[in-house]
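The residues making up each chain are set out below.
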Amino acid sequence: MERFQGLIGIVIILMIAFLFSNNKKNINYRLVGSGLLLQLSIGFLILKIPAVTSFFQLLGRGMGKIEQFARAGAAFVYSGVAATTPTGVTDFANGGFVFAFNVTATIILVCVLVALFYHFGIMQKIVAVVAKAMNFIMRVSGAEALSNVASAFVGQVEAQIMIRPYLATMTKSEILASMSGSLACIAGGILIVYANMGAQAGMDLAPKLITASLMAAPGALVIAKIVFPETEVSQTMGKVTLEVKSQYSNTIDAITHGAGDGFKLAMNVIAMLIGFIALIAMIDWCMLSIGHLFNPNLDLSLNYLFGKLFYPMAWAMGIPTADIQNAATLLGQKLTINEFVAFKSLTSKVVPIVTEKGLLIVSIAICGFANFSSVGMLIGGISELAPNRRKDLAELGLKALLCGTLASYLSASIAGILIG
């Protein structure tokens, strides 16, 4: 029975999307059905077919290699800095671990690689091929398919750059679908950081996170098209064309810009972690003090609150009983704070998940950018690309947050059913 508990989660998720729909009569059920089937197929291939599973495990080990290559650059810069290891303290260059240094180096290297792939047209070709397949299966517009597929590889705003020529004239339904995909998926560089955070704690997160990001692309379209069905005529319906030229003058220019962008992103991640974790500590202290006024044994905290609020959804997604409370806490952290804090809590085992099935479902459920701060960044980023859509973006922001969150939960529920 526990194996199919996730079916309850799928029904609840689709019901929530239906309840928030602005035009229930015009929901395209063929699109919804084909999107769910595509999600299921992706999950089945990765999780149940040994050859495909082995390939993604190999890909995961390759992601670990990227962290090792990044360390080589960081070791040169930070050589001489004392760092901890499982056996004591050593020079960072000799294998020590400092969170800020390791994370910064990995993000910078991945951004350099993405810039190179972009400069040589490799990224555009990959996105275009996958988008054409999704467009054929789900019958969504070309702009929606391109944006959502790109979100599985690059960051939120970078994915929108891929469809920049269409942003000014896209329908509201397309805009919501595009925003939802950006919030449901996660950038490749950040995905590698989370996988390596898990590796430090003895968790094999890489295949799970890759599964999450790939399943989220069709999932976001499914939820977005329920919440805001298409009623207008799209200029890119039935066609997928991607002609994004490199903004770099040569290979060296691509490397330097990639490194610079990576550093800015890494510093933003570090700043967010310091700010949010410090704020959480302050809020927890206030809540603990208030709780003790009423009952000396009432240890109120944000984690306690999240554990209660998100408990029903964690149960419905099929998370084993032993992990439901902690899983609910992580779901709350991811949505209201950000996914980085949730993954830090998971991998540092501050909020531990003890079962393999629980780890799979939680990893997929929190693998995405859907949180309040990301909505602000996404609206700001797209507004710079298409200033005439600022009003529409502001109106659709919270809907996109809902769609991105439900898309991740949908993928997690499906994965939980598949793994049994």
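Here the structure is a predicted model, which means the values were calculated and not measured.

Asks: I tried to follow the overall build of the protein on my own but got confused; where do I start?
Replies: When you go through the protein residue by residue, the secondary structure sums to 19 helices and 2 strands. At 21 Å, the protein has a C-alpha radius of gyration in line with the 22 Å of a compact globule built from 420 residues. Seen through its C-alpha atoms, the protein measures out along the principal axes to roughly 60 × 60 × 45 Å. Residues classed as buried in the protein amount to 54% of the 420 residues present. Within the structure as shown, the protein displays about 18,100 Å² of accessible surface, and the carbon and sulfur contribution to it stands at 68%.

Asks: Explain the packing of aromatic side chains to me, please; I cannot follow it from the model alone.
Replies: The description of two aromatic rings rests on the distance between their centres and on the angle between their planes. The tally for this structure, following the rule as stated, stands at 5 aromatic pairs. Pairing Tyr 194 with Phe 340 gives two aromatic rings, centres 4.9 Å apart and planes at 75°, and the pair type is edge-to-face. With Tyr 194 in helix 10 (residues 188–200) and Phe 340 in helix 16 (residues 339–347), this pair connects stretches of sequence that are 146 residues apart. The interplanar angle of 75° and the centroid separation of 6.4 Å between the aromatic rings of Phe 306 and Phe 310 together place this pair among those described as edge-to-face. Each of the two residues, Phe 306 as well as Phe 310, counts as buried. These aromatic residues form a ring-pair network of at least three members: Tyr 194, Phe 340 and Phe 343.

Asks: Please clarify how the side chain of Asn 148 should be interpreted in this entry.
Replies: Counting through the fold element by element, Asn 148 comes out in helix 6 (residues 142–151). Given the relative accessible area of 0%, Asn 148 is considered buried. Polar side-chain contacts of Asn 148 include one of 3.2 Å to the backbone oxygen of Ala 217. Ignoring sequence-local partners within four residues, the contact set of Asn 148 consists of Ala 177, Ser 178, Gly 181, Cys 185, Ala 217, Ala 220 and Leu 221.

Asks: I keep staring at the nonpolar core and nothing clicks. Help me out?
Replies: Proteins that are soluble and globular tend to have nonpolar side chains buried together. In this structure, Met 179, Ile 190, Tyr 194, Ile 223, Met 317, Phe 340 and Phe 343 are the most contacted members of the largest nonpolar core, which totals 130 residues. Those residues in contact with Ile 190 that sit more than four places away from it in its chain are Ile 107, Leu 265, Val 269, Phe 340 and Phe 369. Counting residues in each nonpolar core, the second largest holds 6 residues, with Ala 70, Ala 83, Phe 92 and Phe 101 among its members.

Asks: Please explain helix 4 (residues 99–119) as it appears in this structure.
Replies: Note that an α-helix has 3.6 residues per turn; residues three or four places apart therefore point the same way. Here helix 4 contains 21 residues, and its C-alpha end-to-end distance of 30 Å stays within 8% of the 30 Å for a straight helix at 1.5 Å per residue. Within two residues after helix 4, Gly 121 carries a phi angle of roughly 80°, on the positive side.

Asks: How should I be thinking about the packing of helix 9 (residues 172–184) against helix 11 (residues 206–227) in this particular structure?
Replies: The description of two packed helices rests on the angle between their axes and on the distance between the axes. In the contact formed by helix 9 and helix 11, the axes pass within 8 Å of each other and the chain directions differ by 140°. Viewed along their axes, helix 9 and helix 11 adopt a mutual orientation that is oblique. Note that helix 9 runs across helix 11; the crossing there is right-handed. Taking contact as the criterion, the partners of Ser 173, Glu 174, Leu 176, Ala 177, Ser 180, Gly 181 and Ala 184 in helix 9 are, on helix 11, Ala 216, Ala 220, Leu 221, Ala 224, Lys 225 and Val 227. Residues belonging to the contact of helix 9 with helix 11 are distributed by class as follows: 8 nonpolar, 3 polar and 2 charged.

Asks: Please clarify how the packing of helix 2 (residues 29–48) against helix 3 (residues 50–78) should be interpreted in this entry.
Replies: Where helix 2 meets helix 3, the axes come as close as 5 Å, and the angle between the chain directions of the two elements is 80°. Considering the angle they form, helix 2 stands roughly perpendicular to helix 3. Between helix 2 and helix 3, the residues in contact are Leu 45, Ile 46, Leu 47 and Lys 48 and Pro 50, Val 52, Thr 53 and Phe 56, respectively. Counted by class, the contact of helix 2 with helix 3 contains 6 nonpolar, 1 polar and 1 charged residues.

Asks: What is the right way to look at the side chain of Thr 104 in this model?
Replies: Secondary-structure assignment places Thr 104 in helix 4. The exposure class of Thr 104 is buried, given its relative accessible area of 6%. Excluding residues within four positions of it along the chain, Thr 104 makes contact with Phe 263, Ala 266, Met 267 and Ile 270.

Asks: Quick question: what am I supposed to make of the pattern of salt bridges here?
Replies: Where charged atoms from two side chains of opposite charge come close, those side chains can pair. Applying the stated rule across the entire model yields 6 salt bridges. The shortest N-O distance in the salt bridge between Asp 392 and Lys 172 comes to 3.8 Å. Here the residue Asp 392 occupies a position in helix 19 (residues 390–419), and Lys 172 occupies one in helix 9, the gap between them amounting to 220 residues. Here Lys 172 falls in the partly exposed class, since its relative accessible area comes to 29%. With a closest N to O distance of 3.1 Å, Arg 389 and Asp 392 form a salt bridge. Judged by its relative accessible area of 14%, Asp 392 falls in the buried class. Counted as one network, the salt bridges with shared partners bring together Lys 172, Arg 389, Asp 392 and Glu 395.

Asks: Which parts of the structure should I look at to understand unusual backbone geometry?
Replies: Trans is the common state for peptide bonds, and a negative phi is the common state for residues other than glycine. Even without a glycine there, the phi angle at Arg 139 is positive, about 60°. Topologically, Arg 139 is positioned in the loop between helix 5 (122–138) and helix 6. Assessed through its relative accessible area of 43%, Arg 139 is described here as partly exposed. Here Lys 349, not a glycine, exhibits a phi torsion of approximately 65°, which is positive. With respect to the secondary-structure elements, Lys 349 resides in the loop between helix 16 and helix 17 (356–365).

Reading the values: rules and limits
- Residue positions are counted from 1 within each chain, in the order its sequence is given.
- It should be noted that, the model being predicted, local features are given only for residues of pLDDT at least 70 and side-chain atom pairs only at 80 or more, the latter also being counted only at that level, while totals for whole chains, interfaces and linings use all residues.
- Side-chain metrics in this entry use all non-hydrogen atoms of the structure; hydrogen atoms and water are not considered.
- Numbering of helices and strands runs from the N terminus; a helix is a DSSP stretch of H or I covering at least four residues, while a strand is a stretch of E covering at least two.
- Each radius of gyration reported is based on C-alpha atoms, and the globular scaling rule is 2.2 Å times the count of residues to the power 0.38.
- Burial status follows relative accessibility: with a 1.4 Å probe on protein chains alone, a residue under 20% of its type maximum counts as buried, one over 50% as exposed, and anything between as partly exposed.
- Per-residue and other accessible areas were derived by the Shrake-Rupley procedure at a 1.4 Å probe size, with only the shown protein chains allowed to occlude residues.
- For Phe, Tyr and Trp, rings pair up if their centres lie within 6.5 Å, where Trp contributes its six-membered ring, and each pair is then called stacked (planes under 30 degrees apart), edge-to-face (over 60) or tilted (otherwise).
- In protein, a polar contact requires one atom able to donate a hydrogen and another able to accept it; more generally it is a pair of N or O atoms within 3.5 Å, and residues adjacent in sequence count only if both atoms are side-chain atoms.
- The contact rule is simple, with two residues in contact once any of their heavy atoms fall within 4.5 Å.
- In this description, a nonpolar core means a group of buried Ala, Val, Leu, Ile, Met, Phe, Trp, Tyr and Cys residues linked to one another through side-chain atoms lying within 4.5 Å.
- Between the first and last residue of a helix there are one fewer steps than residues, each counted as 1.5 Å, and that sum is the expected span.
- The axes are straight lines fitted to the C-alpha atoms, using for helices just the contacting stretch, and the angles between their N-to-C directions are given from 0 to 180°.
- Should an angle fall under 35 degrees it is called roughly parallel, over 145 degrees roughly antiparallel, and 65 to 115 degrees roughly perpendicular, with every other angle called oblique.
- With the far helix as reference, a near helix turned anticlockwise by less than a right angle produces a left-handed crossing, and one turned clockwise produces a right-handed crossing.
- Three residue categories are used. Nonpolar comprises Ala, Val, Leu, Ile, Met, Phe, Trp, Tyr, Cys and Pro, charged comprises Asp, Glu, Lys and Arg, and polar comprises the others, including Gly.
- In the sections that follow, a salt bridge refers to a side-chain nitrogen of Lys or Arg positioned within 4 Å of a carboxyl oxygen of Asp or Glu.

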